[in-house]
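Report on the structure
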Amino acid sequence: MSRSSQLAVAAALLFITALSNIQVAVGFSQVGINSPSSVRSSLHKRDCDARYTSTCCGAASIEERGTLSWTKRSHNYCNHYNTALKSSSNDAAEKTGDDLTEEEIDESIEYLANLIKAHLDPRKSSNEDETSEIDVEPSAGSNSEDSIAYQLAKGRFIDLTTTLEGEHLLERLFDTTHNPSPQSIDNTTTTTSTTTPNKRIIQHAITTLQSLLIYGIQIGVKGSEEAQQKMVRHLFRAGDAPRPPTGTWIPDWNADCIRRLKFFRDVQLGKMLLAKLIRKRTAQGAFDLLVDMGVWDSHVDTALLRSGFPVRFLESELEISKEAERNEHDPDAVLGIRRDLREQKVYTVDSASTLDIDDGIAVEVLGDDSGGGGGGETRHRYWIHIADVDRYAPRGSKLLNVAERRGTSLYLPTMTLCMFPPNMSSEIMSLHAYEDKYALSLGVELNEDGSIIPSSVILTPSVISVDYRLTYDQVDEMLDEGVGYAEEWQLGALLAAATKRRSHRVNRGSTEGMVPFPIPKGMVTANYDDQLGGYDISLKIETTHNSGANITTGGGDDICDAHYDPYCTPVSSSQLIVTEMMIMAGEAIGKWQMQQAAQEENDVGDAIQLSNELKLPFRRQPAPDFKSRNAEKRQMDFLYEMGKRYPHAWYARRFFNKVNVSEEPGPHFGMGLDCYVQWSSPIRRITDLQVHAALKRYLRRKRVNAMLREGTTIPSSITKMDLGCELPKEEDCEEIDSIDYKSGLGMIFAARPIQSSSSNYWMFEYIRRLVGSSDEEVMFESVVLGCINKDRLQYAVYIYELGLEHRYLSEAGELDEGKKLWLKVTSVNPKMELLSFSL
């Protein structure tokens, strides 16, 4: 064989060897096995991303194939990758406040990678026969307290998992008393140290693991970087420091640090760790690794973790709530404005699973309207009692700060995350039956047409005792069987008042009148079942409580007969009662506020008086502009006349204007009211609690002013925070702690997409399980709601069995509103929130 032929054969063998190494490396990577060191350079080449390719490798290394042998180019490519990785490490080193060197950063990543490998490796050392996994909690008598790494890691992963077990697992990853040293894990490691890494190396490793977690929760995120930044803008606070350099160790880790970590979303170190572990350097790769480690399960709510909404209460917050339990300061009682209303028969009506009960209702008989001659109709005053949360979380308190960090309670298919710790929200503040409870109580009388008599409104702090804790189903049963009109006649009286109120609002153009048949919504819940070893998903389809005609199935009129929905649960009488009573409370507070200025005492002589202006956040909604959109209005009316109920409801949405909040009273079209203030859920919404604080401060200042006019001494226990202004003195009493009703709105607005994303996930998982358990195609009956994009033939459809609105690309050309379709599921991916149908 000639010399040239021998060279050609050798070159071919080198090419085949290199190619097989790449294939082997890819195979190892796909199954999560550590690839041999001999093929790592090939894997590095494959795993190098576009940024490294374009900026480090250069065009020549890829395109000039005629002048370089493949082996040499491969070697150069790997060198470029390693140089880029080291360059990235150098950048990180330069940005750290600890001035870590390139070697120290490499050692830190290697240290963490080996800890993770040890955790994932099923082979255990001989001294771990009965502890095959990392304990999720320190065991009694362990030396964990002596572990520097473990102590540094403690508390660093709060709100980066949805379970306490996952959080503990991450912490115990660094517990050297339970893990072999990194050097004993992998003989191929380049680390030369024979001792536990120094403190700075461990700190950097912990920061790297946080970066991996941040990367993992980005799975399923869509849109541009700018769009993604908007998703977390609620986490930004005025006065926040600039973005910290990558790898910076923050000594005092707290809630603000967690918030900023999720806002800046620095995933650079997480990518480096994935590269070291020979894992895909993507959000999916990070997610899969964390699931493999047992930190998350495959159903972890990444939208929740991205949002910055606190997943659990810190130990310090739980301590604060225990202190609040012991708070005996009650300025309303001290000033004599807290009334004893325990003689009233109070009902609470909620779902069976509700623990944070924040409203109760009652009826007071006032006599008849005959002027004392008898024979007139009995007059009633309707009471709405709202839990007095301000009693335990007043302005300026630490407990209020705990609630402000959350802004709202979050109701998800798998869990409820309360605004207050459970000992407060479900116990102390909650209106439990047969216990004396603090409330802010409102009494209202109604005209015959259901409108409020403004002069009848009473507002007072109170003490109440709930007689009956009822569920919606129980109230419906009592009304159906007649008990609600006899022994519990108050329920019948409340239903009569609620019916009047609904009619009054409909006559004033409320949403219920404009859209009598709203589109129902599927409410999905997922409860973990220990016996099943997984989540049990249930689905219930409900009509919105605050919308829709109050009809029952089997109604005999033409409208009900023309309306088809075999799956929807109609709005019940009990839901009507609660909905209308809470709406009435919101209107009554607005009317009461508007009357207060006229009732203020003008002739005060020389007496010092506190300034006593009451500002409230009125929710206002302009009426639709039908005049300039007459053609659309005719189309909406046509859909209703043709009996196309859900298409009519869908089409009507385009007319609804955005609700705005203002300190100036104004009408709310959707409610059909002249004014409306939301204040009925202070355990669950920070804005409602702010209204409570403003109302009570107003009542206290009013009482203090009366005492000043009378010459009565102001009790010494009353503080400026109780009044919201400086205590009375000769000069003007300056206002302090002005309530900002916009504070806390960021988290409230962020809660909506979290709930939507979580509900979508479990709805799609419900569908995926139906598809997976069926040998046949899974199909659903649906109705076309309307056209979204005519050019793309994209339509909105409503799927009856799921209570789901979805977008569908028509395969059959143009579709008419109200057309029934049977759609089969073609693909579903819960984590990516992808669902597609075809005919």
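A brief look at the structure comes next. Being a predicted model, the structure only gives us computed values, none of them experimental. (Residues numbered from 1 in each chain as written. Predicted model: local features only at pLDDT ≥ 70, side-chain atom pairs only at ≥ 80, totals over all residues. Heavy atoms only, no water.)

**Points about the overall build of the chain**
Quick reminder of the rule: Strands are runs of DSSP state E lasting at least two residues, helices are runs of H or I lasting at least four, and both sets are numbered from the N terminus onward. Relative accessibility thresholds used throughout: buried, under 20% of the residue-type maximum; exposed, over 50%; partly exposed, between the two (1.4 Å probe, protein chains only). A contact between two residues is defined here by any heavy atoms of the two lying within 4.5 Å. Only the protein chains shown count as cover for residues, with accessible areas throughout obtained via the Shrake-Rupley method and a probe of 1.4 Å.
Tallying secondary structure elements over the chain gives 27 helices and 17 strands in all. Relative to its full complement of 839 residues, the chain shows a buried share of 49%. A fraction of 72% describes how many contacts in the chain between residues 6 or more apart in sequence connect residues 24 or more apart. Just so you have it, the chain exposes about 39500 Å², and 49% of that area is on carbon and sulfur atoms.

**Some remarks on the pattern of salt bridges**
Quick note on the threshold: By salt bridge we mean one thing: a side-chain nitrogen of Lys or Arg within 4 Å of a carboxyl oxygen of Asp or Glu.
Across all of its chains, the model carries 47 salt bridges by this definition. A salt bridge links Asp436 to Arg342; the nearest nitrogen and oxygen atoms lie 2.8 Å apart. One end of the pair, Asp436, is in strand β7 (residues 436-444); the other, Arg342, is in the loop between β1 (339-340) and β2 (346-350), and 94 residues separate them in sequence. Because the salt bridges share partners, they merge into one network encompassing Asp330, Asp332, Arg338, Asp388, Asp390, Arg391, Lys696 and Arg700.

**So, the side chain of His692**
Position of His692 relative to the elements: it lies in helix α25 (residues 686-710). Judged by relative accessible area, His692 falls into the buried class, the value being 0%. Those residues within four positions of His692 in sequence are excluded, and the remaining contacts are Ile386, Ala387, Leu440, Trp679 and Pro682.

**Observations regarding the sheet that holds strand β15 (residues 804-809)**
The line we're drawing: Criterion used throughout: strands pair if DSSP finds at least two bridges between them. Only C-alpha atoms enter the line fits that serve as axes; for helices the fit covers just the stretch in contact. Angles between N-to-C directions range over 0 to 180 degrees.
Sheet architecture is open: five strands sit in the order β15-β14-β13-β16-β17, paired in antiparallel fashion. In the strand order of this sheet, the two ends are held by β15 and β17 (834-838), each with one partner. Each strand of the sheet is rotated relative to its neighbour by a mean of 50°, with strand direction disregarded. In this sheet, strand β14 (residues 794-799) lies alongside strand β13 (residues 779-789) in antiparallel orientation, the contact comprising six bridges. Each residue of the ladder has a partner; that of Cys787, found in β14, is Tyr795. Packing against the sheet, helix α24 (residues 645-652) makes contact with β13, β14 and β15, and its axis sits at approximately 35° to β13. Contacts between helix α27 (residues 745-772) and the sheet are confined to β13, β15, β16 (820-829) and β17, with β16 contributing the most and set at about 95° to the helix.

**Some remarks on the nonpolar core**
Put simply, the test is: By nonpolar core is meant a set of buried Ala, Val, Leu, Ile, Met, Phe, Trp, Tyr and Cys residues that side-chain atoms within 4.5 Å join together.
The biggest cluster of nonpolar side chains holds 59 residues, and the ones touching the most others in it are Phe157, Phe174 and Trp296. Excluding residues within four positions of it along the chain, Phe157 makes contact with Glu167, Leu170, Glu171, Phe174, Ile206, Leu209, Gln210 and Leu213. Membership of the second largest hydrophobic core comes to 50 residues, among which are Val363, Tyr472, Leu576 and Leu616.

**Considering the pairing of strand β8 (residues 458-471)**
Across the 14 residues of β8, 10 count as buried, placing the element largely inside the fold. As paired elements, β1 and β8 share two bridges and run parallel to each other. Bridge pairing in β8 links Asp340 to Val463. Across eight bridges, β7 lies against β8 in antiparallel orientation. Counted as the bridge partner of Ala439 is Ser462 from β8.

**Notes on helix α5 (residues 102-120)**
Heads up, the rule is: Take the residue count of a helix, subtract one, and multiply by 1.5 Å to get its expected span.
The end-to-end C-alpha distance of α5 is 27 Å, a good match for the 27 Å that 19 residues give at a rise of 1.5 Å each. In terms of residue burial, α5 counts as a mostly covered element, since 14 of its 19 residues are buried.

**Comments concerning the packing of aromatic side chains**
As a reminder, the rule being used: Pairing of aromatic rings covers Phe, Tyr and Trp, the last through its six-membered ring, and needs centres within 6.5 Å; plane angles under 30 degrees mean stacked, over 60 mean edge-to-face, and all others mean tilted.
By the definition in use, this model includes 14 aromatic pairs. Relative to Phe174, the ring of Tyr111 lies with its centre 6.4 Å away and its plane at 50°, an arrangement referred to as tilted. With Tyr111 in helix α5 and Phe174 in the loop between α7 (164-172) and α8 (199-216), this pair connects stretches of sequence that are 63 residues apart. Classification of Phe174 as buried rests on a relative accessible area of 1%.

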